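# Observations on chain architecture
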Amino acid sequence: MKRNRLNHFADAIIGILNGWRLIADAEAFNKRGAGVYSIDLLCETVTFNGKSITVPPVFSYLFEWFENETKNNTNPEAVLTTTKVIFTVGEKSKSDPYYLEYGVFGITLYKKRIQTYKRETAIEVILKTKHRDYSKKGYGVIF
């Protein structure tokens, strides 16, 4: 694996944790509430606020993806020694309200104020080899 490939890993992990798979698991994240998920990609373990938990589907996908991407590594200098993801889920907060309107020919027939709730997330990907650090940070939202 080349250096660019390891940079890609960090970007892809952030993308997965901001994508549709995370939205599909939003209910599970809302049930647990705010806290810190520590994901070890080499050992395939997940902790939430320091306690082991069953692996949510989005993290299972992350483990499968990571294994498929790294199984053909033939470069001994690119052997990862540390592969962790710190995924922080914030408190639930209200988003800015917006109005949904239905109308015909300039006449408003229906108007409703809509308020959604969101949780902000922080993602820290820690990828290290013996010689280099490819770590990156990202941010996202769970609706």
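Up top is the structure.
Residues numbered from 1 in each chain as written. Predicted model: local features only at pLDDT ≥ 70, side-chain atom pairs only at ≥ 80, totals over all residues. Heavy atoms only, no water.

## Some words on the environment of D96
Within the fold, D96 resides in the loop between β4 (82-94) and β5 (98-104). Linking D96 and Q115, residues 19 residues apart in sequence, is a C-alpha distance of 6.8 Å. (Helix = DSSP H or I, 4+ residues; strand = E, 2+ residues; numbered from the N terminus.)

## Quick look at the packing of aromatic side chains
Summed over the entire model, instances satisfying the criterion amount to nine aromatic pairs. When the centroid spacing of 5.6 Å and the interplanar angle of 75 degrees are considered together, the rings of F9 and W65 count as edge-to-face. Placement of the pair is F9 in helix α1 (residues 3-16) and W65 in helix α4 (residues 57-70), with a sequence separation of 56 residues. The class of F9 is buried, set by a relative accessible area of 0%. By relative accessible area, which is 13% here, W65 ends up buried. Considering the side-chain rings of Y37 and F87, the 6.2 Å spacing of their centres and the 45 degrees angle between planes classify their relative orientation as tilted. With Y37 in strand β1 (residues 35-40) and F87 in strand β4, this pair connects stretches of sequence that are 50 residues apart. By the burial criterion, Y37 is buried, and F87 matches it. Three or more aromatic residues joined by ring pairs make a cluster, and in this case those are F29, Y37, F48, F59 and F87. (Phe/Tyr/Trp six-rings, centres within 6.5 Å; stacked < 30°, edge-to-face > 60°. Buried < 20%, exposed > 50% of the residue type's maximum accessible area, 1.4 Å probe, protein only.)

Read these as layout, nothing more, since geometry by itself doesn't imply function.
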